[in-house]
Every structure is written in C-alpha cells, then in structure tokens.
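Residue-level structural notes
Next come the chains, spelled out residue by residue.
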Amino acid sequence: MRTETAPIVRLEDYRPTDFLIDTVALDVILDPTATMVRAELSLRRNPDGRADAPLVLQGDELTLHSIALDGTPLATELYLADPQGLTIRGPLPASFNLTVETVVNPSANTKLMGLYRSGGNYCTQCEADGFRRITYFLDRPDVLSVYTTRLEAERDDAPLLLANGNLVESGDIPGGSRHYAVWHDPHPKPAYLFALVGGTLDTVAEDFVTASGRKVEIAIHVEAGKRDRAAYALDALKRSMRWDETAFGREYDLDVFNVVAVSDFNMGAMENKGLNIFNDKYVLASSDTATDADYAGIETVIAHEYFHNWTGNRITCRDWFQLCLKEGLTVFRDQEFSSDERSRPVKRIADVRTLRTQQFAEDSGPLSHPVRPRTYREINNFYTATVYEKGAEIVRMLRGLIGAPAFRRGMDLYFERFDGTAATIEDFLSCFAEASGQDLAHFAQWYEQAGTPVVTASGEYEAASGTYRLTLRQSTPPTPGQPIKKPMVIPIALGLVGVSGEALPMVTTNEASVDEDGLFVLDTDAATITFTGLPEQPVPSLLRGFSAPVRLEATLSDDELLVLFRHDSDPFNQWQAGQTLATRHIRAMMRGERVGATFGEGLGHFLDRYATNDPAFAAQVLALPSEADIAREIGRDINPTAIHEARLAVKRALGAELAPRLKALHAALRSADAYSPDAASAGRRSLRNTALDLLAGGAPAEGETLAAAQFDQADNMTERFGALAVLALIPGQAREEALAAFASRYRDNPLVLDKWFALQAGIPEEAILDRIAELARHPAFSMGNPNRVRSLYGSFAMTNATQFNRDDGRGYDLIADTVLALDPRNPQIAARLLTAFRTWRILEPVRRGKAEAALRRVAATQGLSPDVSDIAGRSLD
C-alpha cells in the first residue's frame, strides 16, 4: 500500500470558489450502518469565479446513491463520481438545484470525522474537512450557506434529535416507531460548522435572558447517567454569555443553545453554530471526580466554544490559512474571561507556562511555522499551539500597543463590517488601524514570520550623573523555510526597581521613549533608552505581564533577581525572577557547582508573605521550573536524565530547607468546609498540594506519610489526586496500594481512570515501559478512544522526558510503534502523538540518533495517512 502524500496547498494560490451554495436542505435518515443523506443544494455561479468551470464537489469515502439536476436524474455520462469526489460535466445554468443522495456507515467510522457513533449515539465532527464524509460538497470555509436539516430515526434508538439553529418542527412518523425533527439555522455558515446529534441523552437546561431581554433556552446534554456532573458546565455557559455581552457587546442570536458531551472525540470541543459538541472531559465534573484544574478547564473550553459564536461563526475565515483569525482571537477572549473570573496574575502565569512549554518548543524545532502559514499539506496538523496560543499573544500585543479603548473600537468595527463574511487577517487588522489611527503594517509581520524572537538586555549606570542606559537587542533564529529574519514590533512593558523595593522614576532623554504606562516598543534590531535623575542603580523589570511572546536574556545578577523576587510590583515578573533563580540553581547543579541557600531563603520569606494572602499565586511561585523549561533554556545537546537528576537534587535541597514551613503550611491549609471550585478555595488546595510535593522531595518518609493520610482522608478529587501524584514518585508498597485503591474506586469512570493512566505513564523509572504495557491491557483502556490514547501514550511521550528520551531508544520505539498501529484507525490522533518528536534535534548526539531512527522508520512505512506522513516528513526536513 502506498503512503498517501497530500498535495501542497499554497496561500498564494487562493482563488474564489467558482460556485456558491445559497441554501442546503438535508434529509438524514439515521441508521447505525447505512445512514441515507439527501442533500438539496441551491447553487449559482460566483461572479468572481471562472465562468466556464465545471462543478467539482469534494467527498471522502462516500457511496453515491443518486443524483439529480433541477429534479431530473442526471445521466451517468454527465458526471464522474468516486468516493473522493463528484464532478458535473457539461454546461451548467447560472443557477440550479442539485440533489445528491449518499450512504454512510457511522458505526464503521473510526476516524471520528464526519458522522460517527459514540456510546451508541450519533454525532458529527466536520472541522476542518469532515462534512465531505457526509455528502459531496464545496467543503471550504468561504462557501456560506443557510441550512435546514431534517433528521429521522427510530425513536428508541435516538429519542433526541438535534441540529444547528432553531427547532421548527418535530413529531412521529405515522404507522411506525420512527420520528423526525427539522432544524433551521438562519445564519449562513460554512460546512465545517454543520452538526447533528441523535441518541439517548440526559439533559440539564435553563432559560437565559439576554441583555436585550430575549429568552434563550440553554441546555447541556450528556450520556445517560451523567446528568449530575453537568451543572458546572451549565453555570460556566451562563457566565460566558453574560461576560461576552459586557466585555465585547456580543449577544447570542438564536432561540436555543445546545451543548452535547460525547466520550469519543478527537479534539476538546467544536463550536458548531448553536450545537456545540464536546469531549465529555470538558463538561463532566463533580467534587469526587474532577480536580480544580478540571473545573477551570471546563470553564475555559465552554467559554471558548461559546465565544466562537461571533469570532468564528458569525465571522469565519476565508481559507484555512486564516485559522488563527478565529482560534487565536477566541483564545485571547477565553483567557480574558478566565482572568476576570479568577486571578488575573495567576491566569497569566499559567497561560505563559503553556505557551513556553508547547509553542516555544514548536517554534524551535522542525515543525515551526508562522501563525499564518503560507503552505500546508494536511490542515489538521495546523491546529497547533502556534495558531492558538501564539495567535492569542498577537491579539494581546495589539491591545497593548493601541490601548484598550482603541482595541474595543476596533473589535466593534470588525463585528459591524465583517458580520456574515469569511474574513482575512488583513480585514481584521484594518479595523484596528482605522480605530487607532496607527499603521499596523510592520506589526502584521507577527503573522508571517515564524520563530520565537530573543530580546537581550544590558544596562549601564553612571552614579555621578544618575544616568542609566538600557540597551535592548532583538534577533530571531532561523526556522524552516525562513533562514533570514526581520526585526519585529515588540512591546516591552518595563519598570525600574530600587534595591530596597521602591519604584524609581522613568524619565528618558532620548527619542527611545517610554510611555506613561511604562511601555517601550522595540521595532528595530537594537535601541538604547537613557533614564536620568536616578538616585541609585536600578534593577530593570522587563517584559512585565509578559508583554510579548519572546525569550528575554537579561544580564541580571542573583542579587538583582532577588530584588525583583521580593519587591517587583508586577506579579508576573516577581514569579519570573523566582523561576530564573531556580533555573540557575538547577543548571549549576548540572555543572557540579555548589548551590547556596540564597534562593531557599528568598522562597521562605515569600511564603511568609504570600501563603495566606494569595495562596494561588504562592503555589505558582513554589512550583519549580519544569524539565522542559530547563531544556528550553539550555537549548542544545540536551541530556534529559541530567536535567531530571539536577532538578530533583534542587527539589530535595529546597524541600529539606523549607520542611518546617511546608509541613505547617500543609496542615494550616486543610479545610473542613464543603468543597467549592471557586478561585479562592482552589488556590488554597493548589498551595497545599504544592507544599506537600516539595516537602516529599526533601523529606520522602514524612512526605509519604502525609500523602497517604491526605489520600485516605480527602473529600475531593483535587486533594486525593494531589496526594496520589506525590505517592507515585515514591517507589514502594504505599504507592502501589494507593494506585490500586484509586483504580478500584473509579473503575466505572473512564475520565477519572484517564488520570490514573496518565499519572503512571509519567513515572520517571526504568521499569515504566513494562508498566505501560500492563496498563495497555487494562480493561478500561482502548486504542479506539482518543482520551485513553492521550492519557497513556500521550502522557508518556509529552511528560516523561527521561523515559521517552531513554538513551537505548526504547521510548522512541514505543511511540513510533503506537503511531503506526493507530494511524489506519485514527490518523489525526496518530499524527498528534508523533509531534512528541518535535524537539529531537536539540538532544545530545546519542539520543538524537535514536530519535531520528524512529522517525525515519515511521516515514518509510508504506500506507501512511497524509496526516502522519506530513508530520514525519516535516520532522525530518
């Protein structure tokens, strides 16, 4: 079998569609193995298209049943059809109706794209190109159509029938056991936003009254028996709807809003117009089954998909190269929502952790690509951290550059001008240029240039004149296809801090000005800012709030970092100073150098100050940089085992030094109150678990005793699983007993067992491969379920750096074998798993050679999907 190599798609080759589809009437007769889909398409030639072009519709594994043009069956010589496409030959009128009947098998659809079955229910996933697996269509995002969908099914098999839009008709079909429902969506949308659901589902519903007084029925539908875990998702939805009205002036536009949670889903969720379909991981929660992080994740994803109603649905993207236009913008919106709902500094730190771990790693390897790529082979491989997280950072920088008022005016103009269209990045930026009066042409380069810019900072103080000169330089390393880089527009929020902690005045004397909010824009290769009137040498606080997605290299001493750690008024930079100090300690340990107690003392003072006042922030500061963070700072010839051992040694030293404080903190933070997922309560639990983890590093026996007691006594998943995570890193009988007890308690809850799989997959021990093999044989594990695959194999590859990167290559072989086994069944999940190799080039030579060999073995395998072939090929380029 030949490997499927997809053709290269280029942005420069975009041309408008030759035909438009104004309306789509679907009649879907649901059947487990032979669903009949009748599509009536009202087409007309596009005035901007080619006048003599044939009609070419896309398909994917379809079976054509019949075809008619304006009600007349089409002769076979007038069309060419195969499972992958349908071409109508001969002259066509300027406008016409095309009726196409196809047959699909939902039960056999293991790719989980198009129409498939999950838990006995029918559901769909059409982004990016799944609609062509339902019927032949112009399956591209710039074809916007009004949909009417009729669903029919056996009532016992699918008592609930849902589709996009509003319900206009439903009832029983005379003379039998079947029923039907008709849904109409008045808002034109691309095919990727189509959705239907049919099945047996439990429902939690309420009425929501919009700002203008309209009543909207909002509902969460879950698999039978899970209704009691849907309440928080419904509450998050209500809060999201109200926030969007207040923050962006956006009101919901249909009579109903449905969310359906399914257990088999390739992604997190999908924003289909009026009918969001979710991975049930991001809907189901109770105090006994979900951690605080799960609750926060549900809140974020519910908000994200709802916010797409305007940034993605009402305004969609012209082509898939503009994907960041809907995803990056909507990530920014959901981040702002969560920041308002919780702690803004803590949320910012968490978002930057994610950006650095995922996107910076992506940007530094062979899979690096611009936020708006210029080419792709398989679009499903570009739902990346670069498009989502870096795309959100670009929007955040834009707001910082032009100011919040101008940003809001620009968003209002964008909604007004492009509602009901398929837009581009240029369309988006034009609104902000107009609203602010600024030229954003240079700023737009953030969408075109790949790589993470590096900003270096150095300062020189003249005591006699009270002058401080701060020199900033930028550079961006070469990335695939872009060896030469241009300077970027980099907003740098900054401040000057005195050694005693006071903010120093920022009076500049040169053209390199700093505005009243402390913002300096670096848009050339280098610039020097001269500050005057300073009574002492300042410590520069740079990139406050992480004002740009760059790497900062500043020549600050440990003492200067301690000043920022103790006194900086910017919470992000206070946290960052601590992380930088910890990273220096770990790297010194790797070099065999003696590490002093300075950082430990500073951390102790920090806990005394913040543990009670802001436990969520304290938990972020107390958590050491991850092994991935350290690897990123080193940059090349990485030895993951050396990093792990050095980090563990620092953790032991800090845990031992702070043991009395940590033990007291762990005891003080125990609460007898009933569980609540609110931010304050979650912050206390986070700090309690973090203190326990660090204590166990320095005093394993005492930590094991406390963790075992917390595991047994916990009345919520956050503390139970936090204790189990500590025990998992301490080999012995207590660990195995706790793991067995956890599995027994939650044996009927797959989502909780995912945590159990993931935790064990991350244990950094030599015998982990045997443990993973045993877990793969567990009755609850299935290679057919994406959540199970991610929890076991994904967690191993993405979080267990020492064992995935074993110097014998067995970790690489395990993931390569898993990718090859998974690819025929679910190419999307297989391709995403293969991205675990994205940083292979920065490894030391032995591991680098083993990783390359595993990648080449995958790439040389015959019969690869386009998804896996693309990732393997780009990883090796």
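About the criteria used
- Residues numbered from 1 in each chain as written.
- Predicted model: local features only at pLDDT ≥ 70, side-chain atom pairs only at ≥ 80, totals over all residues.
- Heavy atoms only, no water.
- Helix = DSSP H or I, 4+ residues; strand = E, 2+ residues; numbered from the N terminus.
- Rg over C-alpha atoms; globule rule 2.2 N^0.38 Å.
- Buried < 20%, exposed > 50% of the residue type's maximum accessible area, 1.4 Å probe, protein only.
- Areas by Shrake-Rupley, 256 points an atom, 1.4 Å probe, with all protein chains shown as cover.
- Phe/Tyr/Trp six-rings, centres within 6.5 Å; stacked < 30°, edge-to-face > 60°.
- Lys NZ or Arg CZ within 6 Å of the ring centre and 35° of its normal.
- Polar contact = N/O pair within 3.5 Å; in protein donor to acceptor, adjacent residues only side chain to side chain.
- Expected span 1.5 Å × (residues − 1).
- Arc of directions from axis to C-beta.
- Contact = heavy atoms within 4.5 Å.
- Pairing = 2+ DSSP bridges.
- Axes fitted to C-alpha atoms, helices over the stretch in contact; angles between N-to-C directions.
- 1 Å grid on protein atoms, 1.4 Å probe; cavity = no way out; pocket = protein on both sides within 12 Å on 5 of 7 lines; lining within 4 Å.
- Points joined across faces, edges and corners; volume = space filled by probe spheres on them.
- Nonpolar A, V, L, I, M, F, W, Y, C, P; charged D, E, K, R; others polar.
- Core = buried A, V, L, I, M, F, W, Y, C linked by side-chain atoms within 4.5 Å.
- Salt bridge = Lys/Arg side-chain N within 4 Å of Asp/Glu carboxyl O.
- Parallel < 35°, antiparallel > 145°, perpendicular 65-115°, else oblique.
- Left-handed = near helix turned anticlockwise from the far one by under 90°.

**A short note on the overall build of the chain**
Counting secondary structure elements, the chain contains 27 helices and 32 strands. The C-alpha atoms of the chain give 28 Å as radius of gyration, which agrees with the globular expectation for 877 residues (29 Å, within 12%). For the chain, buried positions account for 58% of its 877 residues. When the accessible surface of the chain is totalled, it reaches about 33000 Å², and 51% of it is carbon and sulfur.

**Some remarks on the packing of aromatic side chains**
What describes a pair of aromatic rings is the distance from one ring centre to the other and the angle between the planes of the rings. Under the defined criterion, the tally for this structure stands at 44 aromatic pairs. Consider the rings of Phe606 and Phe617, whose centres lie 5.7 Å apart with planes at 65°: the pair is edge-to-face. Of the two residues, Phe606 is situated in helix α11 (residues 598–610) and Phe617 in helix α12 (residues 615–622); the sequence distance between them amounts to 11 residues. A relative accessible area of 4% means that Phe606 is categorised as buried. According to the relative accessible area criterion, Phe617 is buried, its value standing at 3%. Chaining the aromatic ring pairs together yields one cluster made of Trp310, Phe332, Phe407, Tyr414, Phe415, Phe418, Phe428 and Phe432. Here the guanidinium or amino end of Arg318 rests over the ring plane of Tyr14, the centre of that ring lying 3.7 Å away.

**Brief notes about the side chain of Glu127**
Topologically, Glu127 is positioned in the loop between β11 (121–125) and β12 (145–154). Using a relative accessible area of 2% as the deciding quantity, one classes Glu127 as buried. Polar side-chain contacts of Glu127 include one of 2.9 Å to the side chain of Lys326. At a separation of 2.7 Å, a polar atom in the side chain of Glu127 contacts the side chain of Tyr383.

**Regarding helix α17 (residues 700–713)**
Spanning 14 residues, α17 covers 20 Å between terminal C-alpha atoms, matching the ideal 20 Å at 1.5 Å per step. The complete set of buried residues in α17 reads Gly703, Ala707, Gln710 and Phe711. Angularly, the buried residues of α17 cover 100° about the axis, an arc narrow enough to put them on a single face. When the buried face of α17 is taken as reference, the exposed residues oriented beyond 90 degrees from it are Ala701, Thr705 and Asp712. Looking at the buried residues of α17, the elements they touch are α15 (659–668), α16 (679–698), α18 (717–728) and α19 (733–745).

**Observations concerning the sheet that holds strand β31 (residues 539–542)**
Overall, antiparallel pairing links the three strands, which are arranged β29-β27-β31 in an open sheet. The sheet is open, and its two edges are formed by β29 (519–522) and β31, each paired on a single side. Averaged over neighbouring strand pairs, the angle between their axes works out to 40° when direction is ignored.

**Observations regarding the side chain of Asn826**
By secondary structure assignment, the location of Asn826 is in the loop between α24 (810–822) and α25 (827–834). Classification of Asn826 as buried rests on a relative accessible area of 4%. Only 2.8 Å separates the side chain of Asn826 from the side chain of Asn266, close enough to count as a polar contact. The contact partners of Asn826, leaving out residues within four places of it in the chain, are Thr110, Lys111, Leu112, Asn266 and Pro786.

**Regarding empty space enclosed by the protein**
To find the voids left in a structure, one rolls a probe of water-molecule size over its atoms. A full pass over the atoms with the stated rule returns two cavities of 30 Å³ or more. Here the largest cavity defines a volume of roughly 40 Å³. Taken together, Thr110, Met783, Gly784, Asn785, Pro786, Val789, Leu822, Arg825, Asn826 and Ile829 make up the full set of residues lining the largest cavity. For the lining of the largest cavity, the residue count by class is five nonpolar, four polar and one charged. Reported here for the second largest cavity is a volume of approximately 30 Å³. His187, Pro188, Lys189, Leu193, Lys273, Asn313 and Arg314 are the residues that line the second largest cavity.

**Some words on the nonpolar core**
Counting 275 residues, the largest nonpolar core has Leu55, Leu98, Tyr414, Phe428, Phe443 and Leu472 as the members making the most contacts within it. Among the elements that line this core, the one with the most residues is helix α5 (residues 385–402), at nine residues. Contacts of Leu55, omitting those with residues within four sequence positions, involve Phe19, Leu43, Leu86, Thr87, Ile88, Leu92, Phe96, Leu98 and Leu138.

**A short note on the pattern of salt bridges**
Counted according to the given criterion, the structure contains 74 salt bridges. The closest approach of N and O atoms between Arg348 and Glu393, which form a salt bridge, is 2.7 Å. Of this pair, Arg348 sits in helix α4 (residues 344–363) while Glu393 is found in helix α5, placing the two residues 45 residues apart along the sequence. By relative accessible area, which is 9% here, Arg348 ends up buried. A residue is classified by how much of its surface remains accessible, and Glu393, at 2% relative accessible area, is buried. Two residues, Arg847 and Glu844, come together in a salt bridge whose shortest N-O distance is 3.0 Å. For the pair Arg847 and Glu844, one class covers both residues: buried. Here the salt bridges do not stand alone but share partners, grouping Asp27, Arg150, Glu152, Glu154 and Arg178 into one network.

**Comments concerning the environment of Val371**
Along the chain, Val371 turns up in the loop between α4 and β23 (375–376). Classification of Val371 as buried rests on a relative accessible area of 1%. The spatial distance from the C-alpha of Val371 to the C-alpha of Glu305 is 20 Å, given a sequence separation of 66 residues.

**Quick notes on the sheet that holds strand β10 (residues 114–118)**
Taken together, the four strands give an open sheet; going across it, the order is β10-β11-β16-β13, and neighbouring strands pair in antiparallel fashion. In this open sheet, the two strands that pair with only one neighbour each are β10 and β13 (160–163). In this sheet, neighbouring strand axes are inclined to one another by 20° on average, regardless of whether the strands run parallel or antiparallel. Where β10 and β11 come together, five bridges link them in antiparallel fashion. Paired with Tyr116 across the strands is Cys123, a residue of β11.

**Considering the packing of helix α6 (residues 404–418) against helix α7 (residues 425–436)**
One can describe the packing of α6 onto α7 by two numbers: an axis separation of 8 Å at closest approach and a directional angle of 130°. The pairing of α6 with α7 is recorded here as oblique in orientation. As for how α6 packs across α7, the hand of that crossing is right-handed. Residues Ala406, Phe407, Arg409, Gly410, Met411, Leu413, Tyr414, Arg417 and Phe418 of α6 form the contact with α7, whose participating residues are Asp427, Phe428, Cys431, Phe432, Glu434, Ala435 and Ser436. When grouped by side-chain class, the residues that make up the contact of α6 with α7 number 10 nonpolar, two polar and four charged.

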